Amino acid sequence: GAGVSQSPSNKVTEKGKDVELRCDPISGHTALYWYRQSLGQGLEFLIYFQGNSAPDKSGLPSDRFSAERTGGSVSTLTIQRTQQEDSAVYLCASSSPARTDTQYFGPGTRLTVL
Amino acid sequence: DQQVKQNSPSLSVQEGRISILNCDYTNSMFDYFLWYKKYPAEGPTFLISISSIKDKNEDGRFTVFLNKSAKHLSLHIVPSQPGDSAVYFCAARIRGSNYKLTFGKGTLLTVNP
């Protein structure tokens, strides 16, 4: 595939359940980002992975949020004990190491917590 | 605390006319600015950027202007086309960070045929 892919495209869950969101970056892109867009808001930075370096987790809103990147490619964002305020579109992006200013976004996962 | 502000949630223009999308920022440490365009059910796509050492950058129908003293940038689309109808996000990057972007809330542009 040519672009960033994310799955699932939509996820409805009940409050208190855990969810996992997946991101497949563009092949060869060593930088990977997660953002969140809540209703009526801009994109909010969550976490950044670059190669084998320690990720920048400074945007994660609470310790219920975590992310992994296995083998330098696929990433999973996990939200534990989901709350209604976690409802948002979660966007993943990737970029080449030379052009971190140009981030390529996936279509997002719309998470709804009931 | 919104560091990047897009005060117009929506804008409607006629096909062929100019669209002007505005963005204000508060953090003087921002040194690189970008515009992204987003269609429904798709991720944002990069449109155009400008470094703080410039005051204008042009790419085809799209021009971005930066006024550092006013902490203001604008995106001009000339001529506007119906396919330009989308949400436009302004984003900024802090000096010294090569990846962390701060986004505005977006402006929905509608270009009417």
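Preceding block: the structure.
Here we summarise the structure given alongside this text. (Residues numbered from 1 in each chain as written. Chains lettered and ligands numbered in written order. Predicted model: local features only at pLDDT ≥ 70, side-chain atom pairs only at ≥ 80, totals over all residues. Heavy atoms only, no water.)

**Observations regarding the overall build of chain A**
Helix and strand content of chain A: zero helices and ten strands. Sequence-ordered secondary structure for chain A, helices as α and strands as β, is β-β-β-β-β-β-β-β-β-β. Scaling as 2.2 N^0.38, a compact globule of 114 residues should have a C-alpha radius of gyration of about 13 Å, and chain A matches this with 13 Å. C-alpha extents for chain A along the principal axes are approximately 40 × 25 × 25 Å. (Helix = DSSP H or I, 4+ residues; strand = E, 2+ residues; numbered from the N terminus. Rg over C-alpha atoms; globule rule 2.2 N^0.38 Å.)

**As for the layout of surface pockets**
Taken as a whole, the largest pocket spans an internal volume of roughly 540 Å³. A:Q37, A:V89, A:R110, B:K38 and B:A41 are the residues nearest the centre of the largest pocket, which is lined by 26 residues in total. Sorting the residues of the lining of the largest pocket by element identifies strand 8 (88-95) and strand 10 (109-113) of chain A together with strand 9 (86-94) of chain B as the ones contributing at least two each. Of the volumes computed, that of the second largest pocket is approximately 410 Å³. Around the second largest pocket sit 23 residues that line it, and A:L43, A:E44, A:F45, B:T102 and B:F103 are the ones nearest its centre. Only strand 4 (31-37) and strand 5 (43-50) of chain A together with strand 9 and strand 10 (101-103) of chain B provide two or more residues apiece to the lining of the second largest pocket. (1 Å grid on protein atoms, 1.4 Å probe; cavity = no way out; pocket = protein on both sides within 12 Å on 5 of 7 lines; lining within 4 Å. Points joined across faces, edges and corners; volume = space filled by probe spheres on them.)

**What about the nonpolar core?**
With 23 residues, the main nonpolar core has B:F33, B:W35, B:L73, B:L75 and B:Y88 as its most contacted residues. Where this core is concerned, the elements lending two or more residues are strand 3 (19-25), strand 4 (30-38), strand 5 (45-51), strand 7 (62-67), strand 8 (72-77), strand 9 and strand 11 (107-112) of chain B. If you look at the next biggest cluster of nonpolar residues, it comprises 20 residues, including A:L21, A:I26, A:W34 and A:L111. (Core = buried A, V, L, I, M, F, W, Y, C linked by side-chain atoms within 4.5 Å. Buried < 20%, exposed > 50% of the residue type's maximum accessible area, 1.4 Å probe, protein only.)

**Concerning the sheet that holds strand 6 (residues 56-59) of chain B**
Strand pairs in the sheet, formed through backbone hydrogen bonds, run parallel or antiparallel to each other. Residue and element names in this part refer to chain B. Overall, antiparallel pairing links the five strands, which are arranged 1-3-8-7-6 in an open sheet. Among the strands making up the open sheet, the edge pair consists of strand 1 (4-5) and strand 6. With two bridges connecting them, strand 1 and strand 3 associate as antiparallel partners. Residue pairing across strands places V4 opposite Y25, the latter belonging to strand 3. (Pairing = 2+ DSSP bridges.)

**A look at the state of the cysteines**
Under the defined criterion, the tally for this structure stands at two disulfides over all chains. In this model, A:C23 is linked to A:C92 through a disulfide, with the two sulfur atoms separated by 1.8 Å. On the S-S bond that ties A:C23 to A:C92, the torsion sits near -65 degrees, and the link is left-handed. One end of the pair, A:C23, is in strand 3 (residues 19-24); the other, A:C92, is in strand 8, and 69 residues separate them in sequence. Judged by its relative accessible area of 0%, A:C23 is buried. The exposure class of A:C92 is buried, given its relative accessible area of 0%. There is a disulfide in this structure between B:C23 and B:C90, and the S-S distance comes to 2.0 Å. Its S-S torsion of approximately -75 degrees makes the covalent link between B:C23 and B:C90 left-handed. With B:C23 in strand 3 and B:C90 in strand 9, this pair connects stretches of sequence that are 67 residues apart. This pair shows no difference in class: B:C23 is buried, exactly as B:C90 is. (Disulfide = S-S within 2.5 Å.)

**Comments concerning the interface of chain A and chain B**
The partner chain B presents 18 residues to the 19 residues of chain A that form the contact. On the chain A side of the interface with chain B, the three residues burying the most area are A:L43, A:D101 and A:F105, jointly 31% of the side's total. Where chain A touches chain B, the interface holds one salt bridge. For the salt bridge of A:D56 with B:K100, the shortest nitrogen-to-oxygen distance reads 3.6 Å. Across the chain A-chain B interface, the total number found is five residue pairs in polar contact (both at pLDDT 80 or more). At the level of secondary structure, the elements contributing two or more residues to the side of chain A that touches chain B comprise strand 4 and strand 5 of chain A. Of the residues in the side of chain A that touches chain B, the class split is eight nonpolar, nine polar and two charged. (Contact = heavy atoms within 4.5 Å. Buried area = accessible area lost by both parts, 1.4 Å probe. Salt bridge = Lys/Arg side-chain N within 4 Å of Asp/Glu carboxyl O. Polar contact = N/O pair within 3.5 Å; in protein donor to acceptor, adjacent residues only side chain to side chain. Nonpolar A, V, L, I, M, F, W, Y, C, P; charged D, E, K, R; others polar.)

Interpretation note: all reported values are geometric properties and have no functional meaning in isolation.
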